[in-house]
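Structural overview
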Amino acid sequence: MEDQILSLAEARGAQAEVFGSEETRTVVEFRANEFHSQESRLTHGHGLRVVKGGRVGFSSSSNPDKVGELVDAAFETAEFGKQCCFEFPGPEPSPAVKTFENRVIVLPALKMIEWGRELVDAVRARVPGLKLDVTLDRTYGETVVANSAGLNKRFARANLQLSATGLLVNDGLVWISEFENLSSGSPPSIGALADRIEERAILARSRARLATGTYPVVFMPTAVPDLLYPLLVGVGGKQLEKGVSPLIDKVGRKLVDEKITIADNGLRDFGTASAPFDAEGVPRRRIELFDRGVFNGFLFDLATAGACGAESTGSAVRDYTAQPQPGKSNIQLLPGAARLNETLAGIRHGLLVHECIGGGQSNVLAGDVALNVSSGHLIENGKVTGRVKDTMIAGNVYEMFANVAAVGDTVRDLGSYHVPFVMFPRLKVATRD
């Protein structure tokens, strides 16, 4: 199919690129401790990008019987497309990365249901009053990129993820979430998941009060992605091209604490966004965005690199219905040396944050955040005590990360984020107490 589309486009005197994807997704859901559904869905289609008269045209289709219409539409849009400032890449070897495990591909849906039931039963035995939702989500897909420069690459990826959210009613609603990336083929650690949910449920039964003020705050790994998000928006080449990134003219400067090293690693084995090449066929690689606090540079696809006078970093992302744009793959915050128990023991009065509602960001490009803490606990004299309610943390992530007290020595795999806990010595915390 890709060869046929490419041949038709080239016959009309254009440079062309075909992106094809096919994905099968199976989702098993439990709601409020009961089995709810099992669904499977197949999606497939092709996107065609052409360069005609120096301008870029694009179209997409999921109908294999309308290849002619797909090509016609791409050429029609080229008349109104952006000026092209890049060339399609030629054949180039791609690095090795593990993107699928056969045990995930052949896993029966009945086994996914069995795992969900085991987790529900284990949690119910520990926390009788808790209502648990469990989702097991498996995707298996193949991606192909071919272009008129002679590139023709394809790869397969299989992801399996378990997410669980418990609802506990205790002086209001308490949400407790857990996650495991099972893409390497390992079964879920039912006992460990249930233990963590039980521990959070026990802490949630005690109510604690925290007055508005400035406190040391520990963000557990599950809450760290909410803080990283504004930084990752800023490193996008698209923001540099538009002239709106706060990181313009700051490459090579120390912007955050030297304890902070953040990498975009598309080559992490069994990462949920891992791939040997990006959505334009450019080889993936590990990119250190911040190295011990120093900003190293932006993420580019072909178009933004061409517009900014740079080279692609192999960071193009897309589905078949859209043109590429630069984006993240698997984000790694490198671990530090701090142990959680020792870190908590050194806090006389502070806040432990497990989860925040939504992103909570206000002016994302500027790095401003206003995070509603949906699961947080008071730290008193080194001990985690009761749950705090109606609590918000506001500030600017560039200022927050400029002063980090500790980074944990253990990394949690959260799918496309691999992060430890982070402790800030002083953050503004607003409450209703």
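Because the structure is predicted, anything quoted here is derived from the model rather than measured. (Residues numbered from 1 in each chain as written. Predicted model: local features only at pLDDT ≥ 70, side-chain atom pairs only at ≥ 80, totals over all residues. Heavy atoms only, no water.)

1. Description of the UniProt feature "domain: Metalloprotease TldD/E N-terminal" (unreviewed entry) in the chain
This is how it is decided: UniProt positions are given in the numbering used here, feature names are shortened, and annotations may be inferred rather than shown by experiment. Only DSSP runs of H or I with at least four residues qualify as helices, and only runs of E with at least two residues qualify as strands; both kinds are numbered from the N terminus onward.
Here, UniProt's "domain: Metalloprotease TldD/E N-terminal" (unreviewed entry) annotation points to residues 16–78. Across residues 16–78, helical content stands at 19% and strand content at 67%; the span's end C-alpha atoms are separated by 11 Å.

2. A closer look at the nonpolar core
What counts, and what does not: The term nonpolar core refers to a set of buried residues drawn from Ala, Val, Leu, Ile, Met, Phe, Trp, Tyr and Cys, joined through side-chain atoms within 4.5 Å. Only protein chains enter the area calculation, which uses a 1.4 Å probe; residues under 20% of their type maximum are buried, those over 50% are exposed, and those in between are partly exposed. By the convention used here, residues are in contact when the closest approach between their heavy atoms is within 4.5 Å.
Judged by nonpolar contacts, the single largest core of 50 residues is most densely connected at Phe219, Leu228, Ile393 and Phe401. The dominant element in this core, judged by the number of residues it contributes, is helix H6 (residues 224–234), at five residues. Ile393 has contacts with Val217, Phe219, Leu351, Val353, Val369, Ala370, Leu371, Val373, Met400, Leu427, Lys428 and Val429, leaving out every residue within four places of it along the chain.

3. Focus: the sheet that holds strand E19 (residues 412–413)
In plain terms, the rule: A strand pair is defined by DSSP finding two or more bridges across the two strands.
Within the open sheet, the six strands sit side by side as E10-E9-E8-E13-E20-E19. Their pairing is mixed. At either end of the open sheet lies a strand with only one pairing partner, and these are strand E10 (294–295) and E19. Note that E19 and strand E20 (residues 417–419) share two bridges and pair antiparallel. In the strand pairing of E20, Arg412 is matched with Val419.

4. Notes on H6
With respect to burial, H6 is a largely interior element, 10 of its 11 residues being buried. If you check which residues of H6 are buried, you get Val224, Pro225, Asp226, Leu227, Leu228, Pro230, Leu231, Leu232, Val233 and Gly234.

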